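# What the coordinates show
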Amino acid sequence: MNNNAIVLENVSKVYTQKKRQLYALKDINLQIKQGEFVSIVGQSGSGKTTLLNIISAMIRPNEGNVYINGTEIGHAPEKTRTMIRRDVVATIYQDHNLIPVLNAFQNVELPLRLKPLSRQERKEIVSKTLDLVGLAERKDHRPSELSGGEKQRVAIARTLATKPKIIFADEPTGSLDVQIGDQIIKLLQNENKNNNTTLVLVTHDLQLAEKADRVIRINKGQIIEIREGKLKS
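Residues numbered from 1 in each chain as written. Predicted model: local features only at pLDDT ≥ 70, side-chain atom pairs only at ≥ 80, totals over all residues. Heavy atoms only, no water.

### Observations regarding the overall build of the protein
- A tally of helices and strands in the protein yields seven helices and ten strands.
- By the compact-globule yardstick of 17 Å for 233 residues, the protein fits well, its C-alpha radius of gyration being 18 Å.
- When its C-alpha atoms are laid out on the principal axes, the protein stretches across 50 × 40 × 40 Å.
- In the protein, buried positions account for 47% of the 233 residues.
- In the protein, the share of contacts with a sequence separation of at least 24, taken over all contacts with a separation of at least 6, comes to 65%.
- Of the roughly 12,100 Å² of accessible surface on the protein, 46% is carried by carbon and sulfur atoms.
- Averaging the locations of the 35 positively and 26 negatively charged side chains of the protein gives two centres separated by 4 Å. (Helix = DSSP H or I, 4+ residues; strand = E, 2+ residues; numbered from the N terminus. Rg over C-alpha atoms; globule rule 2.2 N^0.38 Å. Buried < 20%, exposed > 50% of the residue type's maximum accessible area, 1.4 Å probe, protein only. Contact = heavy atoms within 4.5 Å. Areas by Shrake-Rupley, 256 points an atom, 1.4 Å probe, with all protein chains shown as cover. Lys, Arg positive; Asp, Glu negative; His and termini not counted. Charge placed at Lys NZ, Arg CZ, Asp CG, Glu CD.)

### Things to note about the sheet that holds strand 2 (residues 20-33)
- What the four strands build is an open sheet, ordered 2-1-4-5; its pairing is antiparallel. A strand with exactly one partner marks an edge of an open sheet, and here the two such strands are strand 2 and strand 5 (71-72).
- Bridging between strand 4 (residues 63-68) and strand 5 involves two bridges; their strand directions are antiparallel. Looking across to strand 5, one finds that Ile 68 is bridged to Thr 71. (Pairing = 2+ DSSP bridges.)

### Observations concerning the sheet that holds strand 8 (residues 198-202)
- Across the sheet, which stays open at both edges, the six strands sit in the order 6-7-8-3-9-10 with mixed pairing between neighbours. The outermost strands of the open sheet, each flanked by one partner alone, are strand 6 (89-93) and strand 10 (222-228). Averaged over all adjacent pairs, the angle separating strand axes in this sheet is 20°, with direction ignored.
- In terms of strand pairing, strand 3 (residues 37-41) meets strand 8 through four bridges, oriented parallel. Paired with Phe 37 across the two strands is Leu 199, which belongs to strand 8.
- The strands touched by helix 5 (residues 148-161) are strand 6 and strand 7 (166-170); relative to strand 6, the strand with the most contacts, the crossing angle is about 175°. (Axes fitted to C-alpha atoms, helices over the stretch in contact; angles between N-to-C directions.)

### Observations regarding the nonpolar core
- Counting 29 residues, the largest nonpolar core has Val 108, Val 126, Leu 130, Val 133, Val 154, Ile 156 and Leu 188 as the members making the most contacts within it.
- Secondary-structure elements contributing two or more residues to this core are helix 3 (104-109), helix 4 (119-132), helix 5, strand 7, helix 6 (178-195) and strand 8.
- Element by element, the count of residues in this core is highest for helix 5, at six residues.
- Within the second largest apolar cluster, 27 residues are counted, among which are Ala 5, Leu 30, Ile 40 and Ile 216. (Core = buried A, V, L, I, M, F, W, Y, C linked by side-chain atoms within 4.5 Å.)

### Concerning the pairing of strand 9 (residues 214-219)
- Relative to strand 9, strand 3 runs parallel, the two sharing four bridges. Each residue of the ladder has a partner; that of Ser 39, found in strand 9, is Val 215.
- As defined by bridge partners, strand 9 adjoins strand 10 across six bridges and the pair is classed as antiparallel. Across the sheet, residue Arg 214 finds its bridge partner in strand 10, namely Glu 228.
- What sits between the antiparallel neighbours strand 9 and strand 10 is a turn of two residues, in which Lys 220 has the positive phi angle 50°.

### Some points on the environment of Leu 160
- Structurally, Leu 160 can be placed in helix 5.
- Note on Leu 160: relative accessible area 8%, which makes it buried.
- Once the C-alpha coordinates of Leu 160 and Val 108 are considered, the two residues, 52 residues apart in sequence, prove to be 9.0 Å apart.
- Not counting the four nearest positions on each side in its chain, Leu 160 is found in contact with Thr 129, Leu 132, Ile 167 and Glu 191.

Fair warning: the whole summary comes from geometry, so function is off the table for now.
Below, the structure written as C-alpha cells:
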C-alpha cells in the first residue's frame, strides 16, 4: 500500500429498512497517506460518521476492502480488528467519554493498562502527556471538576498517551467555544506535524476543515469532492 495509512476500495455500507436497502456509503475509493491531515465534511446524514466508523474498525462494510497500514480490516477476524483499535488507531469524540469516577490522571492511564508497561512507565507517560496538554496541575481532578475544554484536553491526552499512528477526531470542538476549540485543534495539529501521526477530522465547521491538507466532501454516501485545504499552516 506504499506510504498509505488508509485505503478504501469500493467500500459500501448498506442498511435494510422496511425491506428496502439504504446505502449509507456507496462505492467509496479513498487513499490517505501516513502523516496526512484530512478533514471530512458533509451535512447531517451524508455518511461521514459511517465512513469514520468503518475506517476506525468500529463497524464493517458490506462490500469492498479497508486497509489500515496495509492490513485488511473490513473482513478480518475480530481479533485483528481489536488489535488495530488497541495498537494503531485512536478516536476522539465530541463527548469526551471520560470515566466520571476517575480523576484526570486515571482516565489517561486507563488504556495504558492494556499494554505491557510497568506502573512507573505508565506514571511517566501520563505525567508527560498531561503536561503536554497543560493539565499537569489538574491531574487529581475528576471530570465534574473540569471545564468543557479541560475535559476535551484530558481526552486528547488519553489518546496521545497510547501513541497511535492514526487519530480519528469526530467533531472534537463541536461543544466548545471558538478560543478553546482552536487550542484543541492546535494540539492535534502539533501531534500530526511533530510525530507524523495521520489525522482524520470529521467536522461541520468549514473554516476548521480548511486547515487540513485535504478536504473530502461527502454527500448521500458518496465522495463528491476532494481538494486541498485553504488554511494550511
